[in-house]
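Fold and contact review
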Amino acid sequence: MPAIVLLGAQWGDEGKGKATDLLGSSVDYVVKYNGGNNAGHTIVIGDEKYALHLLPSGILTPGVVPVIGNGVVIDLQVLFGEIDALETRGVDTSRLLVSASAHLIGPYHRTIDKVAERFLGSARLGTTGRGIGPAYADKMSRVGVRAQDLFDEKILRQKVEGALDLKNHLLVKVYNRRAITVDEVVEEFLEYAERLRPMVADTTLVLGDALDEGRTVLLEGGQATLLDVDHGTYPFVTSSNPTAGGACTGSGIPPTRIDRVIAVVKAYTTRVGSGPFPTELRDADHAAGERLRTDGAEFGTTTGRPRRTGWYDAVVARYAVRVNGVTDFVLTKLDVLTGWEKIPVCIGYDVDGERVHEMPMTQTGFHHAKPVYEMFDGWDEDITSARSLADLPKSAQVYVHALAEMSGAPISAIGVGPGRAETIEIRSLLG
Ligand code: GDP
Ligand code: IMO
Ligand code: MG
């Protein structure tokens, strides 16, 4: 079973980390293909809880080769901070490979991310402030610094000069901040060069060879479909391509080698940061939203921000199936819905008086979208020990079947708790 993509179907935090960890022992490589330390994956193994940001979730599985692909942007301070923290806890990180073509996040990216948000005021995106957008902007503007540049100081200095040239004008004249010197940036980058050197590889070649040898490669997406810069709720998105196409460009694995696309989807919906969210529970429904947030522990792994909460949106799920070619879903956090008398599911939108069943074409249309709900019966039984569909209360079974039906792909696994074991496996996630 060669290449599998695992990605988020909604606005992130669907439980991709747990799903990747579940597959971990059956795969040979886990590749992070997009994003950077804006991601936050919480993984619970027994009594141990791990919060990963930049490292692929496969790092926790002995024997797996974790790979940071070319599509990722790397903050070296964060990378080594995370490696050191895991090593202290006895996790072996020595197999990690880093693409020579991955771009680096510099101190100027972090600064610009923060000041740009402040400058936007009420129009801010609510970014994670980690320098992700500015680093990708430099990549596209062809003034980025890549991992490979660390090993030639002369080239590195030239590239940093190129990157800072315009930015210092912007920082000083527009944002009223101090200029950042080439020396301080080069120094920050070089501090990590020798530690990074043995990890740096032509990861596209490594992965191509691995697939030729019949090895299994899991491509792990950060963020999610609706945060994709092309297919998401632009401009309230991240600056990379978390969708399945991004798995190819961000790793160098061609589309013809991808066999399966697993989308992780929560049994309800959350979103962190700004942007439209039709099923959000707010205003009169605020208390219900608060209840979902509390029951689901919906606070950001990266920033600690409370996540906005709302009901399951089948329009969004169907859209994710279409743009990613989803073969199956992993449905997570079903246990969080225990105790509701009725559970609404959004089956379409009312957009300015018109009933629609697809994502509106325009941003304005999506901002105007009002959810049309179908109501499902809830359940009261604790489902955290369910290990098969038959163990679920009848109404939970009906809910799960309805979601699969409405969303356009089968559900292969269901999360009924944060732990590895708290999972109902319906169909093998491999093979
Ligand atoms: P990711 O960014 O997609 O990896 O997701 P996060 O880790 O940011 O958020 C998902 C949270 O839900 C984490 O705290 C997980 O431990 C937790 N989680 C994952 N699956 C389940 C589940 O089925 N039930 C419950 N109750 N929690 C889950
Ligand atoms: P995981 O991988 C949820 C959101 C931010 C903000 C927008 C842009 O844990 O699912 P950025 O810093 O990327 O420029 O911020 O994207 N965002 C996420 N929301 N989960 C994530 O990652 C996210 N990564 C970025 O909150 O709205
Ligand atoms: Mg997360």
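Our subject is the structure that appears above.
The structure reproduced in this document is the subject of the present report.

Right, let's get into the site of ligand 2. Every one of the 20 residues lining ligand 2 counts as a neighbour, but Lys 16, Asn 38, Thr 128, Gln 223 and Thr 238 are closest to it. Separating an oxygen atom of ligand 2 from a side-chain N or O atom of Asn 38 is a distance of 2.8 Å. Here an oxygen atom of ligand 2 sits 2.6 Å away from a polar atom, N or O, in the side chain of Thr 128. Compared with its free state, where it exposes 550 Å², ligand 2 has 97% of that area covered by protein.

Attention now moves to the coordination of the magnesium ion (ligand 3). Ideal values for angles at a metal depend on the geometry: 109.5 degrees with four tetrahedral donors, 90 or 180 degrees with six octahedral donors. Ligation of the magnesium ion (ligand 3) by protein atoms is provided by Asp 13 (OD) and Gly 40 (O), these donors lying 2.0 Å from the ion. Separated by 27 residues along the polypeptide, Asp 13 in the loop between strand E1 (3-8) and helix H1 (16-24) and Gly 40 in the loop between strand E2 (29-32) and strand E3 (41-45) bring together distant segments of the chain. Accessibility expressed as a relative area gives 13% for Gly 40, which makes it buried.

On to the pattern of salt bridges. Enumeration according to the criterion identifies 27 salt bridges in this entry. Between Asp 183 and Arg 157 there is a salt bridge whose closest N-O contact spans 2.9 Å. Linking Asp 183 in helix H6 (residues 182-190) with Arg 157 in helix H5 (residues 153-174), this pair joins segments that are 26 residues apart in sequence. Asp 183 sits in the partly exposed class, given a relative accessible area of 47%. Between Lys 266 and Glu 298 there is a salt bridge, with the nearest N and O atoms lying 3.0 Å from each other. Of the two residues, Lys 266 sits in strand E11 (residues 258-266) while Glu 298 sits in the loop between helix H10 (286-295) and strand E13 (308-310), which places them 32 residues apart along the sequence. The buried category is assigned to Lys 266, whose relative accessible area is 0%. In the salt-bridge network here, residues are joined through shared partners; they are Asp 13, Lys 266, Glu 298, Arg 307 and Lys 333.

Right, let's talk about the sheet that holds strand E10 (residues 217-220) for a bit. Reading across the sheet, the ten strands line up as E9-E7-E5-E2-E10-E1-E11-E15-E19-E20 and stay open at both edges, with mixed pairing between neighbours. Whereas interior strands pair on both sides, the edge strands pair on one side only; in this sheet they are strand E9 (200-201) and strand E20 (423-425). Pairing of E11 with strand E15 (residues 328-332) involves five bridges; the strand directions are parallel. Paired with Val 264 across the strands is Val 330, a residue of E15. Contacts between H1 and the sheet are confined to E1, E2, E10, E11, strand E19 (411-415) and E20, with E1 contributing the most and set at about 160° to the helix.

The calculated volume of the largest pocket comes to roughly 930 Å³. As for the largest pocket, its lining consists of 47 residues, and the residues nearest its centre are Thr 127, Thr 128, Val 237, Thr 238 and Ser 239. When residues of the lining of the largest pocket are traced back to their parent elements, those giving at least two are helix H3 (107-120), helix H4 (132-140) and H5. The greatest single-element share of the lining of the largest pocket, amounting to seven residues, is contributed by H4. Each residue belonging to the lining of the largest pocket can be placed in one class, and the counts come to 21 nonpolar, 17 polar and nine charged. Within this model, the second largest pocket holds a volume of roughly 590 Å³.

Below, the discussion takes up the site of ligand 1. Neighbouring residues of ligand 1: 18 residues in total, closest Lys 16, Gly 40, His 41, Thr 42 and Asp 335. A distance of 3.3 Å separates an oxygen atom of ligand 1 from a polar atom in the side chain of Thr 301. Taken together, the elements giving at least two residues each to the shell around ligand 1 come down to H1 and E3. Looking at side-chain class alone, the shell around ligand 1 contains three nonpolar, eight polar and seven charged residues. Two domains each provide a minimum of three residues to the shell around ligand 1, namely domain 1 (3-100 + 198-262) and domain 3 (266-425).

Quick notes on the rules
Each chain carries its own residue numbering, running from 1 in the written order of its sequence. To read the labels, note that chains go from A and ligands from 1, taken in the order they are written. Confidence filtering applies because this is a predicted model: local features only for residues at pLDDT of at least 70, side-chain atom pairs given and counted only at 80 or more, and all residues used for totals across whole chains, interfaces and linings. Water and hydrogen atoms play no part in the side-chain values, which are based on all heavy atoms of the structure. Residues are classed as near a molecule or strand on a simple rule: at least one heavy atom within 4 Å of it. Polar contact is the term for a pair of N or O atoms within 3.5 Å; when the atoms are in protein, one must be able to donate a hydrogen and the other to accept it, and sequence-neighboring residues count only if both atoms are side-chain atoms. Computed with a 1.4 Å probe, the accessible areas rest on the Shrake-Rupley method; for each residue, only the protein chains presented here act as cover. For Na, K and Ca the donor cutoff is 3.2 Å, while for all other metals N, O and S atoms count as donors only within 2.8 Å; water does not appear among the atoms, so some sites may look incomplete. Numbered from the N terminus, helices here are DSSP runs of H or I no shorter than four residues, and strands are runs of E no shorter than two. Each residue gets one of three labels from its accessible area relative to the maximum for its type: buried under 20%, exposed over 50%, partly exposed in between, using a 1.4 Å probe on protein chains only. Put simply, a salt bridge is a Lys or Arg side-chain nitrogen that is within 4 Å of an Asp or Glu carboxyl oxygen. At least two bridges found by DSSP between two strands is the condition for calling them paired. Contact definition: two residues touch when any of their heavy atoms are within 4.5 Å. To obtain an axis, a line is fitted to C-alpha atoms, over the contacting stretch when the element is a helix, and the angle between two such axes runs from 0 to 180 degrees between their N-to-C directions. Of the grid points, spaced at 1 Å and generated over the protein atoms alone, those admitting a 1.4 Å probe that cannot get out make up cavities, while open sets with protein on both sides within 12 Å along at least five of seven lines make up pockets; any residue with an atom within 4 Å of a point is treated as lining. Grid points are joined across faces, edges and corners, and a volume is the space filled by probe spheres set on the points. Lys, Arg, Asp and Glu make up the charged group, whereas Ala, Val, Leu, Ile, Met, Phe, Trp, Tyr, Cys and Pro make up the nonpolar group; the residues left over, Gly among them, are polar. Here the limits of each domain have been adopted from an automatic or database domain assignment.

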